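Observations on the model geometry
What follows is the residue order along each chain.
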Amino acid sequence: MNYKVLVKKIISIALICAVIAGIFTGCGSSDEKKGISVYIGGTIFESSLDPVKGAMSYGYSFTNDCLLEVAPDSSYTGCLAENDWKISDDGLTYTFNLKKGIKFHDGSDFTAEDVVFTYNQVKENPGVNENIDLTNLEAVQADGDYTVIFKLKKPYSSFIDQTACLGIVPSDSYDSETFDTMPIGTGPWKVVQYDTAQKIIVEANTDYFNGAASIPQVNILNMEQDTAIANAKSGQLDVIMVDPNYIDEKIDGMHIESLETMDVRQISLPTKPESEYTTEDGKTMTIGNDVTSDKAVRKALAIGIDRRKIIDDALNGVGTSATGFTNNLEWADPISYEDNQKEEAKAELEKAGWTPGDDGIYEKDGLRCEFSVYAPTGDTARFQLAEALAAEAKTIGIEINTDQKSWDELTQLAPVSGIVWGWGQFDPIVLKNLFYSKGFTGSGHDNTVDYTNPKADELIEQAIAATDRDEVISLWKAVQEETGYDYAYLYIVNIQHTYFVKDNLDISVDTQIPHPHGHGAPIINNMNDWIISE
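Keep in mind it's a predicted model, so treat the numbers as computed, not measured.

Turning our attention to the overall build of the chain. Within the chain, the regular secondary structure consists of twelve helices and 26 strands. For the chain, the C-alpha radius of gyration of 25 Å lies close to 24 Å, the compact-globule estimate for 534 residues. Each principal axis of the C-alpha distribution contributes one length, and for the chain these read about 80 × 60 × 40 Å. Of all 534 residues assigned to the chain, the portion counted as buried reaches 57%. For the chain, long-range pairs separated by at least 24 residues make up 70% of all intrachain contacts whose partners lie at least 6 apart in sequence. Here the chain displays about 21600 Å² of accessible surface, and carbon together with sulfur accounts for 46% of that area.

Structure (structure tokens):
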């Protein structure tokens, strides 16, 4: 083992063994210099903190920086890489020049070797990271210490998005088991204590190349929502993620912050009539839905429901109406139409041959305009959305039955029923996942509605193959225009993440990125900008 490797190993072990005694009570404590305590939900405790295994891959890593990072306007800018990255004309070669003088938490230098190692780890072990797609990566190599060259098998415009999602780990001290709880990175925060399912304590990286945080320490705590509220009221928490049902609580010395997300809730509506389908492994199953396959039903729902009322009833008014992906994404282009057009919705149904039954629910050729919508078990907000949607649908003569099921059950039900989905990511490849006809397999998450549109397929393929960023964005917008008025998905709400925040804590709202899908955790994306006022 060479000297550099030996030093890295020794320092790494010392860092991992270091812990902080106890946990402080928050900004209101007698020793404010220790930092703050936050509750941002429990999802951060449910999986590994290792970037190689997909940790923080939605763009808000706090321990391991990526080559690129997301800016508040949802565009990409250099993080570990300079802003001069290049894509070859044929879309097969990506070249990144790296910033110099950056160090990992263990004191070792960040170089191209670490980037090559990280990407190869994910490429060679795709089963451990379902969030990073490197299937099109042919090879990655270092050109000296500060240039990295990626070679793709075929053009794939979303590769650039992967470089803003995969945090870099040190090549010489990476340990798969250790990094689950104590990752070493170049980021603004380093983990110094991890108590399973209880707390994660992080300290500011005083050598951070973009400037050290002014708050020296943050305790990330795991608890039930009611416990978090109680602890906040007793002054023990500085930031609390809260479900919409809790925003009317009054906590002395704290205020509510509702932060912008690009996280939407939508209902998938199968677009084909009921039929038999044979999967690749020879299994025969029923797919399709005779009610939602009628475009008139899908359109009637889209224009007839009152989204504002649904949001008020289900989410305590927190969120904005959505008809597609949100405009805070540079590639998003939601279609535009008025909702709550109840008479127009009924007219659409009647034009398609539906007639109202004795109970007000429409019928057609003996078929009742009725179908089921499912939400994941344990997700109260999604189930409340389904219930509020059902109430609204009934006012235009459509019966929706609601229930909750496990995710395993939902993937089996999706080809025949409506599912309340949550989508929120910076990568426009989500549009391929939703609309590409070849994505339908009878299970899983891709194109569960069995949407088929040759023009949309062509646009998706062009967007993936394009090399110019402006052209890529233009093509993805064209995909939305082509598919939007088929109403294969009933968009309901662009949710907001709500938090109680101590009055003396500035969470730098202006530098918050639009929150991706993350159940409250994305607030930590700019934690190094937070300031405690005296």
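All right, on to the nonpolar core then. Ranked by internal contacts, the top residues of the largest apolar core, which has 73 residues, are Tyr-119, Phe-150, Phe-325 and Trp-476. Not counting the four nearest positions on each side in its chain, Tyr-119 is found in contact with Leu-67, Leu-134, Leu-137, Val-140, Phe-150, Phe-159, Gln-162, Thr-163, Leu-166 and Ile-168. In this structure, Ala-204, Val-239, Tyr-246 and Ile-524 belong to the second largest nonpolar core, which totals 46 residues.

Hydrogen bonding along the main chain pairs the strands of a sheet, whether they run parallel or antiparallel. Overall, mixed pairing links the six strands, which are arranged S16-S23-S13-S22-S20-S21 in an open sheet. Edge positions in the sheet fall to strand S16 (320-321) and strand S21 (399-405), since each of these pairs with one other strand and no more. Taken together, the two bridges between strand S20 (residues 370-376) and strand S22 (residues 418-423) define a ladder with parallel strand orientation. By the bridge assignment for S22, Val-373 is matched with Gly-418. Running at roughly 60° to strand S23 (residues 489-494), helix H6 (residues 307-315) makes contact with S16 and S23 of the sheet.

Turning next to the packing of H6 against helix H8 (residues 380-394). Each packed pair of helices is defined by two parameters, the angle between the axes and the distance between the axes. Two elements in contact, H6 and H8, have axes separated by 8 Å at closest approach and are oriented at 135°. The angle between the axes of H6 and H8 places the two elements in the oblique class. The crossing of H6 and H8 is right-handed. Across the interface between the two elements, Lys-309, Ile-310, Asp-313, Ala-314 and Leu-315 of H6 pack against Ala-381, Gln-384, Leu-385, Ala-388, Leu-389 and Glu-392 of H8.

What follows covers the pairing of strand S6 (residues 137-142). With five bridges connecting them, S6 and strand S7 (residues 147-152) associate as antiparallel partners. Residue pairing across strands places Ala-142 opposite Val-148, the latter belonging to S7. If you look at the hairpin formed by S6 and S7, you'll find four residues sitting between the two strands, and Gly-144 has a positive phi there, around 80°.

Moving on to the packing of helix H5 (residues 295-304) against helix H7 (residues 342-351). In the contact formed by H5 and H7, the axes pass within 8 Å of each other and the chain directions differ by 175°. Taken together, the axes of H5 and H7 lie roughly antiparallel to each other. Taking contact as the criterion, the partners of Ala-296, Val-297, Lys-299, Ala-300, Ile-303 and Gly-304 in H5 are, on H7, Lys-342, Glu-344, Ala-345, Glu-348 and Leu-349. Across the contact of H5 with H7, the residue classes break down as six nonpolar, one polar and four charged.

Moving on: helix H12 (residues 469-484). Between the first and last C-alpha of H12 there are 22 Å, a value that for 16 residues agrees with the 22 Å anticipated at 1.5 Å per step. Those residues of H12 lying buried are Val-472, Ile-473, Leu-475, Trp-476, Val-479, Gln-480, Thr-483 and Gly-484. Near the N-terminus of H12, the side chain that reaches the backbone nitrogen of Asp-470, with its oxygen 3.2 Å away, is that of Asp-468.

We now examine the packing of aromatic side chains. Under the defined criterion, the tally for this structure stands at 20 aromatic pairs. Ring centres of Tyr-119 and Phe-150 lie 4.8 Å apart, and the angle between their planes is 65°; on these two criteria the pair is classed as edge-to-face. Of this pair, Tyr-119 sits in helix H2 (residues 112-124) while Phe-150 sits in strand S7, placing them 31 residues apart in sequence. Each member of the pair, Tyr-119 as well as Phe-150, is classed as buried. An aromatic cluster of at least three residues, connected via ring pairs, comprises Trp-85, Tyr-94, Phe-96, Tyr-119, Phe-150 and Phe-159.

It is worth spelling out the environment of Ser-176 at this point. As for its position among the elements, Ser-176 is in the loop between helix H3 (159-162) and strand S8 (189-195). The class of Ser-176 is partly exposed, set by a relative accessible area of 35%. C-alpha of Ser-176 to C-alpha of Ile-287: the two residues are 111 residues apart in sequence and 41 Å apart in space. Among all residues touching Ser-176, those that are not within four sequence positions of it are Asp-50 and Lys-53.

Here Asp-50 lies in the loop between strand S1 (36-39) and strand S2 (68-70). If near-sequence neighbours (up to four positions away) are discounted, Asp-50 is found in contact with Ala-55, Val-169, Tyr-174, Ser-176, Phe-179 and Asp-180.

Strand order in this open sheet of seven strands is S8-S9-S10-S1-S11-S24-S12, and the pairing throughout is mixed. Two strands close off the open sheet at either side, each with one partner strand: S8 and strand S12 (254-259). For this sheet the average axis-to-axis angle between neighbouring strands, irrespective of direction, equals 20°. Where strand S11 (residues 239-242) meets strand S24 (residues 497-502), four bridges bridge the pair, whose relative direction is antiparallel. Bridge pairing links Val-239 to Val-501 in S24.

A few words now on the confidence of the model for the chain. Averaged over all residues, the pLDDT of the chain is 92; the fraction at 70 or higher stands at 94%. Taken as a whole, residues 1-33 scores under 50 in pLDDT and shows 60 contacts with residues more than four places along the chain or in a different chain.

This part takes up the environment of Lys-283. With respect to the helices and strands, Lys-283 occurs in the loop between strand S14 (275-278) and strand S15 (284-287). For Lys-283, a relative accessible area of 46% puts it in the partly exposed group. The spatial distance from the C-alpha of Lys-283 to the C-alpha of Asn-245 is 43 Å, given a sequence separation of 38 residues.

Here we come to the side chain of Gln-225. As for its position among the elements, Gln-225 is in helix H4 (residues 225-233). Taking the relative accessible area as the measure of exposure, Gln-225 reaches 9% and is therefore buried. Here the side chain of Gln-225 touches Met-241 through a polar contact of 2.9 Å, landing on its backbone oxygen. Not counting residues within four places of it along the chain, the set of residues in contact with Gln-225 comprises Tyr-39, Ile-240, Met-241, Val-242, Asp-243 and Tyr-246.

Taken as a whole and judged by the stated rule, the model has 24 salt bridges. Here Lys-53 and Asp-50 are joined by a salt bridge, their closest N and O atoms 3.7 Å apart. By relative accessible area, which is 24% here, Lys-53 ends up partly exposed. The salt bridge involving Arg-368 is made with Glu-399; its shortest N-O contact spans 3.2 Å. Here Arg-368, found in strand S19 (residues 367-368), pairs with Glu-399, found in strand S21; they are 31 residues apart in sequence, far enough to count as distant. In this structure, a network of salt bridges that share partners links the residues Asp-359, Arg-368, Glu-370, Lys-394 and Glu-399.

The rules we used
- Residues numbered from 1 in each chain as written.
- Predicted model: local features only at pLDDT ≥ 70, side-chain atom pairs only at ≥ 80, totals over all residues.
- Heavy atoms only, no water.
- Helix = DSSP H or I, 4+ residues; strand = E, 2+ residues; numbered from the N terminus.
- Rg over C-alpha atoms; globule rule 2.2 N^0.38 Å.
- Buried < 20%, exposed > 50% of the residue type's maximum accessible area, 1.4 Å probe, protein only.
- Contact = heavy atoms within 4.5 Å.
- Areas by Shrake-Rupley, 256 points an atom, 1.4 Å probe, with all protein chains shown as cover.
- Core = buried A, V, L, I, M, F, W, Y, C linked by side-chain atoms within 4.5 Å.
- Pairing = 2+ DSSP bridges.
- Axes fitted to C-alpha atoms, helices over the stretch in contact; angles between N-to-C directions.
- Parallel < 35°, antiparallel > 145°, perpendicular 65-115°, else oblique.
- Left-handed = near helix turned anticlockwise from the far one by under 90°.
- Nonpolar A, V, L, I, M, F, W, Y, C, P; charged D, E, K, R; others polar.
- Expected span 1.5 Å × (residues − 1).
- Polar contact = N/O pair within 3.5 Å; in protein donor to acceptor, adjacent residues only side chain to side chain.
- Phe/Tyr/Trp six-rings, centres within 6.5 Å; stacked < 30°, edge-to-face > 60°.
- pLDDT = per-residue confidence, 0-100.
- Salt bridge = Lys/Arg side-chain N within 4 Å of Asp/Glu carboxyl O.

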